[in-house]
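# Observations on the three-dimensional arrangement
Listed here are the chains, written in short residue letters.
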Amino acid sequence: MHAGCKKWRRLIVILHLIQKDKFTHGFIAFINDHFDPSEHRFFVYGEDSVSGYRESSDSNVRNFPGSQAMLLDRDARASFGQAELIVANGCFNWPMLFSLYRHRSRLCLLFWGGDIYSLSTKSTPVKNIVKRLALSFVENCGYVSTLFMSDYRELSSFACLKGSYYPLTLLPDQSQVPDYRSLRDIEKCTHPIRILLGNSATPTNRHKSVIEQLAAYKQEDMMVYAPLSYGDPSYRDEVIAYGSRLLKEKFIPIVDFMPYTEYLDFLNSCSVGVFNHHRQQGMGNLYCLGQLGAKVYLASDSIMLEELAHDGIAVYDTDSIGDISYSEFLALSNDVRQSNINAIEKKRSLERAISLWSALFEEARRRTEAC
């Protein structure tokens, strides 16, 4: 190995493993902008065709066509052994994560939400074996992180976690974050009123029951928009058929991916957002709507209710939809609207994100120095 390569490797302190996703570019930019780039390296894996993915040109980023290519790369394998901390961003690829078993004391598993749900649900016999192995692996990692405390409580309910817990966050790409104050000055669409339903074509959105409830208002001047651009195609088609049958032309499925700024403009036109999830998902949509002054409904069995209440974010019960009048369904006082805006701005602040990630990095460095 030539000297230049050795020198480069000595600079690697924290290694980030992240799949190609709409969040990837923003995450890399956040770390490189607010921490020393020479202390961080990113291994990005997966297909370039993923909706919303933008490749980073930063010099501390390596791209791989898939996780297997990454694991077979000699330099990548050496980096696993030399990093003070390995952050696995999203825990969906268990075969890849299992390959890091020998490094588990320096491994931080950052769960996004859906990965926790997949561990807790029963499946085929083979997949259940993989899940049992995954749980044993999770229980013995040095660090466990989630984007929400509610997710950590959910994970702890079926896994005996021995590693240190560090709450973390993923912010939207800061280069694309708009001036929310200016957006709020734009009047929302009122003829018709726009209602957002769910965030994806996954069954955990439980679209059908809400569509049935919203049908009580089908004589009103409203349109129901359902983002279905990713998820299960069969479920997507099922929702489209059901929504069209009950709400007719007032149901608008969104099946094509929208660029971030365009999607924000669309969210800003919505007066109400309805999320019927039990698990944590769609929180980016929920936060954006709340920050833009919309009224938000959430399922009464959502694991997020306690955390949102703790953060001072007011949401309303999806069970009430159809039973209350249409005017009450839309009503949101200025005081509640402003309180939500303030609370969400605090939750999604750059300062908070830097503080959370700093705590993890400092602990990893402390452990290394103590050895």
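As a starting point, this report considers the structure included with it.

Reading guide: rules and limits
Residues numbered from 1 in each chain as written. Predicted model: local features only at pLDDT ≥ 70, side-chain atom pairs only at ≥ 80, totals over all residues. Heavy atoms only, no water. Helix = DSSP H or I, 4+ residues; strand = E, 2+ residues; numbered from the N terminus. Buried < 20%, exposed > 50% of the residue type's maximum accessible area, 1.4 Å probe, protein only. Salt bridge = Lys/Arg side-chain N within 4 Å of Asp/Glu carboxyl O. Polar contact = N/O pair within 3.5 Å; in protein donor to acceptor, adjacent residues only side chain to side chain. Contact = heavy atoms within 4.5 Å. Phe/Tyr/Trp six-rings, centres within 6.5 Å; stacked < 30°, edge-to-face > 60°. Lys NZ or Arg CZ within 6 Å of the ring centre and 35° of its normal. Core = buried A, V, L, I, M, F, W, Y, C linked by side-chain atoms within 4.5 Å. Pairing = 2+ DSSP bridges. Right-handed = clockwise from strand over helix to strand, strands pointing away.

For the bond from H191 to P192, the omega torsion is 5°, close enough to zero to count as cis. Here P192 lies in the loop between α9 (180-184) and β8 (193-197). Positioned with a positive phi, R206 is a non-glycine residue whose angle comes to about 50°. With respect to the element layout, R206 can be found in the loop between β8 and α10 (207-214). By relative accessible area, which is 29% here, R206 ends up partly exposed.

Attention now moves to the pattern of salt bridges. As enumerated under the stated definition, the model contains 15 salt bridges in all. Between E306 and R153 there is a salt bridge, with its nearest N and O atoms 3.9 Å apart. Of this pair, E306 sits in helix α14 (residues 305-310) while R153 sits in helix α8 (residues 149-156), and the two are 153 residues apart along the sequence. Judged by its relative accessible area of 55%, E306 is exposed. With a shortest N-O distance of 2.6 Å, K208 and E238 are connected by a salt bridge. Remark: E238 occurs in helix α11 (residues 233-247) and K208 occurs in helix α10; sequence separation between them is 30 residues. We classify E238 as partly exposed; its relative accessible area is 39%. Salt bridges sharing common partners tie together R41, R62, D73 and D75.

Here S358 lies in helix α17 (residues 350-370). Exposure remark for S358: the relative accessible area of 16% places this residue in the buried category. Of note is the side chain of S358, whose polar atom sits 2.7 Å from the backbone oxygen of I354.

Further remarks concern the side chain of S67. Note on placement: S67 falls in helix α3 (residues 67-72). Residues in contact with S67, not counting those within four places in the same chain, are Y45, N93 and M96.

Let us look at helix α4 (residues 74-82). When α4 is considered as a whole, its buried residues turn out to be D75, A76, A78, S79 and F80. Where α4 begins, one side-chain oxygen reaches toward the backbone nitrogen of D75, 3.1 Å away; that side chain belongs to D73.

What follows concerns the packing of aromatic side chains. Pairs of aromatic rings are described using the distance from one ring centre to the other and the angle between the two planes. Under the criterion given, the structure shown has 23 aromatic pairs. With a centroid separation of 6.2 Å and 85° between ring planes, the pair formed by W94 and F137 is classed as edge-to-face. Here W94 is found in helix α5 (residues 94-98), whereas its partner F137 is found in helix α7 (residues 125-139), with 43 residues between them in sequence. With centroids separated by 6.0 Å and ring planes inclined at 35°, the aromatic side chains of Y101 and F137 adopt a geometry described as tilted. One end of the pair, Y101, is in the loop between α5 and β5 (107-111); the other, F137, is in helix α7, and 36 residues separate them in sequence. Three or more aromatic residues joined by ring pairs form one cluster here, namely F27, F30, F35, F42, W357 and F361. Against the face of Y101 rests R104, its NZ or CZ located 4.0 Å from the ring centre. Seen from the ring of Y242, K208 lies directly overhead, with NZ or CZ sitting 5.2 Å from the centre.

In this structure, L85, F266, L267, W357 and L360 are the most contacted members of the largest nonpolar core, which totals 58 residues. With 6 residues, α17 is the largest single contributor of residues to this core. Residues contacting L360, with those up to four places away along its chain left out, are L85, V87, C108, Y143, Y166 and L168. Ranked by size, the runner-up nonpolar core spans 32 residues in total, among them I86, L97, V144 and A159.

Reading across from one edge, β10-β9-β8-β11-β12-β13 is the order of the 6 strands in this open sheet, with parallel pairing throughout. Two strands in the sheet have a free side with no partner beyond their single neighbour: β10 (251-254) and β13 (316-317). Relative to strand β12 (residues 295-298), strand β11 (residues 272-275) is paired through 4 bridges, and the arrangement is parallel. When the bridges of β12 are listed, G273 appears paired with V296.

To continue, consider the pairing of β11. Neither face of β11 is left uncovered, since the one carrying V272 and V274 and the one carrying G273 and F275 both have all their residues buried. The sheet contact formed by β8 and β11 spans 3 bridges and is parallel. Note that in β11 the partner of L197 across the bridge is V274. In the classification by handedness, the crossover that spans β11, the intervening helix α13 (residues 283-291) and the parallel β12 is right-handed.

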